[in-house]
Amino acid sequence: MGPHPAVAAIRLAVRRVLHDIITELNTTAGVPAATAADRAPERAAGLPTPPLVLVACSGGADSMALASALAFEAPRLGVRAGGVTVDHGLQNGSDLRAEEVVLRLRDLGLDPVEATAVTVGRGGGPEAAARDARYAALDAAAARHGAAAVLLGHTRDDQAETVLLGLARGSGIRSLSGMAAVSGADGRYRRPFLQVDRQTARKACMVQSLPVWDDPHNADPAYTRSRLRHEGLPALEKALGKGVVEALARTAQLSRDDADALDTWARQAEAGVRDSTGVLECAKLYALPPAVRRRILRRAAIEAGAPAGALFARHIEEVDRLITGWRGQGAINLPGKVVAQRQGGRLVIRQG
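Residues numbered from 1 in each chain as written. Predicted model: local features only at pLDDT ≥ 70, side-chain atom pairs only at ≥ 80, totals over all residues. Heavy atoms only, no water.

(A) Broad picture of the UniProt feature "binding site: ATP" (unreviewed entry) in the protein. UniProt's entry tags Ser 58, Gly 59, Gly 60, Ala 61, Asp 62 and Ser 63 with the feature "binding site: ATP" (unreviewed entry), counted in the numbering of this structure. Mapped onto the fold, Asp 62 is located in helix 3 (residues 61–73). On the basis of relative accessible area, Asp 62 is assigned to the buried category, the value being 16%. What makes Ser 63 buried here is its relative accessible area of 6%. Not counting the four nearest positions on each side in its chain, Ser 63 is found in contact with Val 55, Ala 56, Cys 57 and Ser 58. (UniProt positions renumbered as here; feature names shortened; annotations may be inferred. Helix = DSSP H or I, 4+ residues; strand = E, 2+ residues; numbered from the N terminus. Buried < 20%, exposed > 50% of the residue type's maximum accessible area, 1.4 Å probe, protein only. Contact = heavy atoms within 4.5 Å.)

(B) View of the packing of aromatic side chains. Applying the stated rule across the entire model yields one aromatic pair. Just above the ring of Phe 72 sits the side chain of Arg 11; from NZ or CZ to the centre is 3.5 Å. (Phe/Tyr/Trp six-rings, centres within 6.5 Å; stacked < 30°, edge-to-face > 60°. Lys NZ or Arg CZ within 6 Å of the ring centre and 35° of its normal.)

(C) Representation of the pairing of strand 10 (residues 346–351). Across two bridges, the pairing between strand 7 (residues 280–281) and strand 10 is antiparallel. By the bridge assignment, Glu 281 is partnered in strand 10 with Arg 346. Here strand 9 (residues 338–343) runs beside strand 10; their pairing, made up of six bridges, is antiparallel. Residue pairing for strand 10: Gln 343 is matched across the bridge by Arg 346. Linking two consecutive strands that pair antiparallel, namely strand 9 and strand 10, is a turn of two residues; a positive phi of about 55° is found at Gly 344 within it. (Pairing = 2+ DSSP bridges.)

(D) The arrangement of the environment of Val 102 in detail. Note that Val 102 resides in helix 4 (residues 94–107). With 35 residues separating them in the primary sequence, Val 102 and Ala 137 have C-alpha atoms 16 Å apart. Sequence-distant contacts of Val 102, that is, excluding residues within four places in its chain, are made with Thr 85, Val 113, Glu 114 and Ala 115.

(E) Focus on the sheet that holds strand 6 (residues 189–190). In space, the six strands of this open sheet follow the order 3-2-1-4-6-5, with mixed pairing throughout. This sheet does not close on itself; its edge strands, each paired only once, are strand 3 (113–117) and strand 5 (182–183). Strand direction decides the pairing type here: strand 1 (residues 52–56) and strand 4 (residues 149–151), joined by three bridges, are parallel. Of the residues in strand 4, the one forming a bridge with Leu 54 is Val 150. Contacts from helix 3 reach strand 1, strand 2 (80–87) and strand 4, with the element oriented near 160° to strand 1. Packed onto the sheet, helix 5 (residues 126–145) meets strand 1, strand 2, strand 3, strand 4 and strand 6 and runs at close to 145° relative to strand 2. (Axes fitted to C-alpha atoms, helices over the stretch in contact; angles between N-to-C directions.)

(F) Broad picture of the environment of Trp 265. On the secondary structure map, Trp 265 appears in helix 10 (residues 244–270). Each residue touching Trp 265, except ones within four places of it in the same chain, is listed here: Pro 289 and Val 292.

(G) Molecular detail of the packing of helix 1 (residues 5–28) against helix 8 (residues 198–207). Running from N to C, helix 1 and helix 8 point in directions that differ by 115°, and their axes come no closer than 8 Å. As for how helix 1 packs across helix 8, the hand of that crossing is left-handed. Seen from helix 1, the contacting residues are Ala 6, Val 7, Ala 9 and Ile 10; seen from helix 8, they are Thr 200, Lys 203, Ala 204 and Val 207. Considering only residue class, the contact of helix 1 with helix 8 consists of six nonpolar, one polar and one charged. (Left-handed = near helix turned anticlockwise from the far one by under 90°. Nonpolar A, V, L, I, M, F, W, Y, C, P; charged D, E, K, R; others polar.)

(H) Highlighting the sheet that holds strand 10. Spatial strand order, 7-10-9-8: four strands in an open sheet with antiparallel pairing. The open sheet has two edge strands, strand 7 and strand 8 (332–334), and neither has a second partner. Those strands touched by helix 12 (residues 290–303) are strand 7, strand 8, strand 9 and strand 10, and its axis lies near 35° from that of strand 10.

(I) Quick peek at the pairing of strand 2. The element strand 2 is largely enclosed, with a buried count of seven among its eight residues. Where strand 1 meets strand 2, five bridges bridge the pair, whose relative direction is parallel. Each bridged residue has a counterpart across the sheet, and for Val 53 the counterpart in strand 2 is Ala 81. Each parallel crossover has a hand, and for strand 1 linked through helix 3 to strand 2 it is right-handed. Sheet topology places strand 2 next to strand 3; five bridges connect them, and they run parallel. Residue pairing for strand 3: Gly 83 is matched across the bridge by Val 113. (Right-handed = clockwise from strand over helix to strand, strands pointing away.)

(J) Local environment of the packing of helix 1 against helix 3. Relative to each other, helix 1 and helix 3 sit at 60°, their axes nearing to 9 Å. Viewed along their axes, helix 1 and helix 3 adopt a mutual orientation that is oblique. Of the two elements, helix 1 crosses helix 3, and the hand of that crossing is right-handed. Contacts between helix 1 and helix 3 involve Ile 10, Arg 11, Val 14, Arg 15 and Leu 18 on the former and, on the latter, Ala 65, Leu 66, Ser 68, Ala 69, Leu 70, Phe 72 and Glu 73. (Parallel < 35°, antiparallel > 145°, perpendicular 65-115°, else oblique.)

(K) Examining the pattern of salt bridges more closely. Counted by the stated rule, this structure contains 24 salt bridges. A salt bridge links Asp 139 to Arg 188, with the shortest nitrogen-to-oxygen separation between them at 2.9 Å. Of this pair, Asp 139 sits in helix 5 while Arg 188 is found in the loop between strand 5 and strand 6, placing the two residues 49 residues apart along the sequence. Taking the relative accessible area as the measure of exposure, Asp 139 reaches 31% and is therefore partly exposed. Where Arg 346 meets Asp 275, a salt bridge forms, and the shortest distance between an N and an O atom there is 2.7 Å. Here Arg 346 is found in strand 10, whereas its partner Asp 275 is found in the loop between helix 10 and strand 7, with 71 residues between them in sequence. Each member of the salt-bridge network shares a partner with another, and the members are Asp 158, Glu 161, Arg 198, Arg 225 and Arg 229. (Salt bridge = Lys/Arg side-chain N within 4 Å of Asp/Glu carboxyl O.)

What follows is the structure, given as structure tokens:
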């Protein structure tokens, strides 16, 4: 008799991601793609050492389900499996809970396993600050252990919430594309559960008798995502019927495909709108579709020093008016002390 359907679903999701990781590593090492695809247990043999994949685990149902699936699938594919839990220090006893998670990961057979404590700043709000501190810690852990990838437990429900948050900010199609299945430097972060719902992950933990910890912050209405999870999405499902989460997740993938295509178009078009000195020419920018032009403007602002996380659609719209609605207006101040100014038919974006 096979595993419970919920367990089978999470294992299949992780197996697919591990196959992708190993195929990429073998391709880089010069192993033919067909061999990498057809001989999974032998894929790591062509590498100096078996690759290490870490799971980022908070002790919650999503990440514990992910850790259990990684522990099961990794040995079958010649992969080492480890885990990292991040102690944000935002609650009393968080250090003790981190130690408990470490013990649970070790009980699953993961090695190496570690807990790392971080200091959460204040920039961008509590949720953003905690996220920045967490990813910095995961980056450091991956570098320290030489990990090929870090698995994250974001589910389809998390993706739906991210799409709605992006819609509320009015940040454009890239925000509507939600979280990428692969992200980070060199594709470090992988999200196997973006097509798995939260209930399936919790059910997998229950049938495997895995203890889980429910973070009280996830139910705290002081946090925007918590309000959306417990009030916003249920209200949408009540008004529109079931299937809202699936539809939002599908919207994320379609939006990502469109955004990727437009980004590629903008990169290809950028060289043609610069003069011999590399300065942007307004007339040539004006001739481009707005979605392509604004991507070029955003890239130029970031290259000049504007922080990507602080550069919003309204900033780019103001710069765009220097091209489409020129009436002799002055310079536009952007985050990071960057200034955009029209000078003699050219758009100069530089540190002010």
